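Listed below are the residues making up each chain.
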Amino acid sequence: MDRSGAPVRLLGVNRSGTEYACIQGWGLFDGPSDDASVAAIASWKANAVRIPLNETCWLGINGAPAQYSGAVYRQAIVDFVGRLNAHGMAAVLDLHWAAPGTEHATGQRQMADADHAPDFWRSVATTFRGNSSVLFDLYNEPHDISWACWRDGGDCGIGYQVAGMQDMLDAVRSTGATNIVLATGNGWGGDLTGWLANRPTDPTGNLAAGWHMYDFGGCVTVSCFDAQIAPVSAAVPLVAGEFGDSDCNHSFSDQTMTWLDAHSDSYLGWAWNTHDCSGFPALIRDYAGTPTAYGEGLRTHLLSL
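Visitor: Help me understand the overall build of the protein chain in this model?
Guide: Helices and strands together make up the secondary structure of the protein chain, namely nine helices and ten strands. The C-alpha atoms of the protein chain give 18 Å as radius of gyration, which agrees with the globular expectation for 305 residues (19 Å, within 12%). Expressed as a percentage of its 305 residues, the buried residues of the protein chain come to 55%. Here the contacts in the protein chain between residues at least 6 apart in sequence split such that 74% fall between residues at least 24 apart. When the accessible area of the protein chain is evaluated, it comes to approximately 11,200 Å², of which 51% is carbon and sulfur surface. Separation of charge centres in the protein chain, based on 15 positive and 32 negative side chains, amounts to 8 Å.

In structure tokens:
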């Protein structure tokens, strides 16, 4: 809800790049992050942008490139969030890439690591705890783990100690931050069947469910949405943190948005980047906001609401 108590749906895009540019040693963003680029996102009538983050770069540990990590990385994110907020958009900060021990976070692991993820969230929450237009997405796409591991972490048999959703939520709340928190489902974010039974405990009540779904996922029909996703949507706020089409059209996205609209849920399309839509569902052809064939579906839909 907004400050007057009116319901709010988060409708917008993902802005990929901050999860990989730093750790690959060539920058902070993939493409521009200036005011004009933010205004282009707002021109689609988006009210939220999800920003994937890199644990190693945010914390500035394990030999991450000094010119792009630590305080430099954190300030770049703070500045970008400020520009989004100035254009009337909320920011969803997502722990996208993480890694245990002395490793670099260079890809998507099964689940967050106990070594650094709680420190990451304490730092992020301390930075943004005074800004209710910033939301925290605890971990991008948990996969190949049990629901008990998803919630409680520990020794999950994947080669490192895991920080569960409860551990990371506790880290956020330990700072006094009351920001809305998303706990994204298992199965690469597409499985919500165990979400309600394993729902983390949040003393603030500001907890939402995250869901990711693409046309190549395991639950891609309206009947599956009704059976597996609707019960979660009925119990807690639901945010489709990622969705999209891999075949360069928008038929699956149209179906998904229509279903989410009917359930008053939120959604953020992947992604506001200029990659080839078939290998990386790209919404735009350029950073002025010219849509791809796939992106035209989201743009038209947002403008119609």
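Visitor: Honestly, the environment of Tyr-73 in this entry has me stumped. Any pointers?
Guide: Summarising the element assignment, Tyr-73 is placed in helix α3 (residues 71-86). Residue class for Tyr-73 comes out buried when judged on its relative accessible area of 1%. On a C-alpha basis, the gap between Tyr-73 and Cys-22 in space is 8.0 Å, while along the polypeptide they are 51 residues apart. For Tyr-73, the residues in contact, after removing those within four places along its chain, are Thr-18, Cys-22, Leu-28, Pro-52, Leu-53, Asn-54, Cys-57, Trp-58 and Tyr-68. A polar side-chain atom of Tyr-73 sits 3.0 Å from the main-chain amide nitrogen of Asn-54.

Visitor: In this structure, what is going on with the environment of His-263? I would like to understand it.
Guide: Structurally, the position occupied by His-263 is in the loop between α8 (251-262) and β10 (266-269). Considered as a pair, His-263 and His-104 are 159 residues apart in the sequence and their alpha carbons are 40 Å apart. In this structure, His-263 is in contact with Asp-226, Ala-230 and Ser-233, ignoring residues within four places of it in sequence.

Visitor: Help me understand helix α1 (residues 35-42) in this model?
Guide: Three or four residues apart is the spacing at which side chains of an α-helix point the same way, because the helix has 3.6 residues per turn. Of all the positions in α1, only Ser-37, Val-38, Ala-40, Ile-41 and Ala-42 are classed as buried. On the buried face of α1, the contacting elements are β1 (11-14), β2 (48-54) and α3.

Rules and cut-offs
- Residues numbered from 1 in each chain as written.
- Predicted model: local features only at pLDDT ≥ 70, side-chain atom pairs only at ≥ 80, totals over all residues.
- Heavy atoms only, no water.
- Helix = DSSP H or I, 4+ residues; strand = E, 2+ residues; numbered from the N terminus.
- Rg over C-alpha atoms; globule rule 2.2 N^0.38 Å.
- Buried < 20%, exposed > 50% of the residue type's maximum accessible area, 1.4 Å probe, protein only.
- Contact = heavy atoms within 4.5 Å.
- Areas by Shrake-Rupley, 256 points an atom, 1.4 Å probe, with all protein chains shown as cover.
- Lys, Arg positive; Asp, Glu negative; His and termini not counted.
- Charge placed at Lys NZ, Arg CZ, Asp CG, Glu CD.
- Polar contact = N/O pair within 3.5 Å; in protein donor to acceptor, adjacent residues only side chain to side chain.

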